[in-house]
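Each chain, letter by letter, is given below.
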Amino acid sequence: MEAPASSAPLLVYGPRSVTYDFGPDHPLTPRRFGPGISLLEALGAVPGLAPEPASDAELEWIHDAAYLDVVKAFSREPLGLPRAGIGPGDTPAFAGMHDASAAVAGGSLRAMEAILRGDVVHAFHPGGGLHHAMPGRASGFCVYNDPALAIARARRAGLRVLYVDLDVHHGDGVQAIHWSDPGVMTVSIHETGLALFPGTGFPDEIGGGEALGTKVNLPLDPGTGERGWLPALELVLPELADVFRPDIVVSQHGADAHAFDPLAHLRVTTTAMGAAARLVDSLAHRWARGRWLATGGGGYEIYRVVPRAWAQVWLAASHAPVPEQTPATWREQWVAEAERYGQAPIPTTFDDPPHAGLPYRAAEEAADERALQIAQQAIEVVLGFLP
């Protein structure tokens, strides 16, 4: 007799999580795990799966074998000449890069397998969500594409996958890897590529071949906040899920859409991020027997924002209410470090005030109104191709 799935989400984190490290001056720093994981633990989370490297054979489900050789070469000699997207800039080489990157991929892959076995219903991998990596090159801080690999594993089990990307940057790598697969629907809501890396993610990117209509993009204007971002998701996701009827849901919860993030220009709040996570959870329960793998992603306000954003995902996956206050002991633990990096004071609440307490001007109001127009247009475009 099959054992029942655990009702508690599976938290994916372990010693290898902090080895994915581009150096002390890089925005995607493993320092985020300190305040992030400690806040999850204060909420009762216990790491239950320590990432270990995915095998080369598994990585080659989505990446070129020659690209793996390039990453391994940089792992041995980080000062080699730039190639395959690796070098000075967004994705610099570091010693041990292959094993560290393969461990991120392995964390999401094993979490997916735990869901497929029925061990758990929900899993959360905060260190995952490296959604820009392409089959043959690194991109945007991402070496191997762990969400795309987890999706590939679900497809090998014959499941239809709904992928929801909430990062402020377009989920271009996942879209490209599964571009022609009609069994994968990708929905990415992001700041428009006209204003932000990677310069893609427009409404006319809808998939190829038999997959036309299964790739959906909501490119939002700079300044869009929760009054546009969240209603756009609430309009698009339920309707598309009702048509696509996924067997499992994979999501990426980059915290860089937040109003405080230094690398982008949206004005989303942790409140809206929590509501979006609960929307994704509801769709997983409606269509996919609850099966849901959530990953982290971007987010560069690692004391004021990232821990609270991760907590919102964890609480949604736990079907638990959002506490009114962040723990005082947790804030005291991290305030000195937050001050050192110019990210204090740490908020006392999990939820943000409307518009994160920033002025709500005519430009932001117009951006929010346009978000709903973009969402409606996206629905009209893709539904014309879906059965």
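Within any chain, residue numbers begin from 1 and follow the written order of that chain's sequence. It should be noted that, the model being predicted, local features are given only for residues of pLDDT at least 70 and side-chain atom pairs only at 80 or more, the latter also being counted only at that level, while totals for whole chains, interfaces and linings use all residues. Hydrogens and water are ignored here; the side-chain numbers use all heavy atoms of the structure.

Draft legend 1. Structural context of the overall build of the chain. What counts as a helix is a DSSP run of H or I of at least four residues, what counts as a strand is a run of E of at least two, and both are numbered from the N terminus. Helix and strand counts for the chain come out as 11 helices and 8 strands. Based on C-alpha atoms, the radius of gyration is set beside the globule rule, defined as 2.2 Å times the residue count to the power 0.38. Its C-alpha atoms give the chain a radius of gyration of 19 Å, within 12% of the compact-globule value 21 Å for 387 residues. Seen through its principal axes, the chain has C-alpha atoms that stretch 55 × 50 × 50 Å. The classification of residues rests on relative accessible area computed with a 1.4 Å probe and restricted to protein chains. Under 20% of the type maximum is buried, over 50% is exposed, and intermediate values are partly exposed. When burial is assessed residue by residue, the chain has 60% of its 387 residues classed as buried. The Shrake-Rupley method, run with a 1.4 Å probe, gives the accessible areas here. Residue values count only the displayed protein chains as cover. Accessible surface, the chain as shown: approximately 14300 Å² in total, 54% of it carbon and sulfur. Averaging the locations of the 27 positively and 45 negatively charged side chains of the chain gives two centres separated by 4 Å. Charge assignment: positive for Lys and Arg, negative for Asp and Glu; neither His nor the chain ends contribute. Think of each charge as sitting on NZ of Lys, CZ of Arg, CG of Asp or CD of Glu.

Draft legend 2. Broad picture of the sheet that holds strand E3 (residues 122-125). Following DSSP output, two strands are said to pair if at least two bridges run between them. Overall, parallel pairing links the 8 strands, which are arranged E2-E1-E3-E8-E7-E4-E5-E6 in an open sheet. With one partner strand each, in any of the chains shown, strand E2 (47-49) and strand E6 (215-220) form the two edges of the open sheet. Taking each pair of neighbouring strands and ignoring which way they run, the sheet shows an average axis angle of 20°. Helix axes are fitted to C-alpha atoms over the stretch in contact, other axes to C-alpha atoms as well, and angles between N-to-C directions run from 0 to 180 degrees.

Draft legend 3. Representation of the pairing of E3. Residues of E3 alternate between two faces, with His122 and Phe124 on one and Ala123 and His125 on the opposite face, all of them buried. Bridge count for strand E1 (residues 10-12) against E3 is 2 bridges, and the pairing is parallel. Bridging from a neighbouring strand, Leu11 pairs with Phe124 of E3. Bridging between E3 and strand E8 (residues 292-295) involves 4 bridges; their strand directions are parallel. What sits directly across from Phe124, in E8, is Ala294.

Draft legend 4. Fine view of helix H1 (residues 33-42). Burial within H1 is extensive, with 7 of its 10 residues counted as buried. Listed as buried for H1 are Phe33, Pro35, Gly36, Ile37, Ser38, Leu39 and Leu40. Residues are treated as being in contact if the distance between any of their heavy atoms lies within 4.5 Å. Taken together, the buried residues of H1 touch E1, E3, helix H9 (306-318) and helix H10 (328-340). Trailing H1 by a residue or two, Gly44 shows a phi angle of about 105°, which is positive.

Draft legend 5. How the structure looks around the nonpolar core. Core analysis: the biggest nonpolar cluster contains 70 residues, and Leu40, Trp229 and Trp292 have the highest contact counts within it. With 9 residues, the single largest contributor to this core is helix H7 (residues 226-244). In contact with Trp229, other than residues within four places in its own chain, are Leu166, Ile189, Leu220, Thr224, Leu266, Val268, Ala272, Met273 and Ala276. The next biggest cluster of nonpolar side chains, apart from the first, holds 51 residues, and it includes Tyr20, Val71, Val104 and Val143. Only buried residues count toward a nonpolar core, which is a set of Ala, Val, Leu, Ile, Met, Phe, Trp, Tyr and Cys residues joined through side-chain atoms within 4.5 Å.

Draft legend 6. Up close: the environment of Pro238. When you line up the elements, Pro238 lands in helix H7. Here the alpha-carbon distance between Pro238 and Ser282, two residues 44 residues apart in the chain, equals 9.2 Å. When neighbours within four sequence positions are excluded, Pro238 is seen to be in contact with Leu233, Leu279 and Leu283.

Draft legend 7. Highlighting unusual backbone geometry. Going from Phe197 to Pro198, the amide bond is cis rather than trans, its omega being 5°. Mapped onto the elements, Pro198 comes out in the loop between strand E5 (184-191) and E6. Here the amide bond leading from Ala344 into Pro345 is cis, since omega sits at 0°, within 30 degrees of zero. Along the chain, the position of Pro345 falls in the loop between H10 and helix H11 (362-383). One non-glycine residue, Phe141, lies in positive phi territory at about 75°. On the secondary structure map, Phe141 appears in the loop between E3 and helix H5 (146-156). For Phe141, a relative accessible area of 11% gives the class buried. At Arg245, a position not held by glycine, the phi torsion is positive, near 55°.

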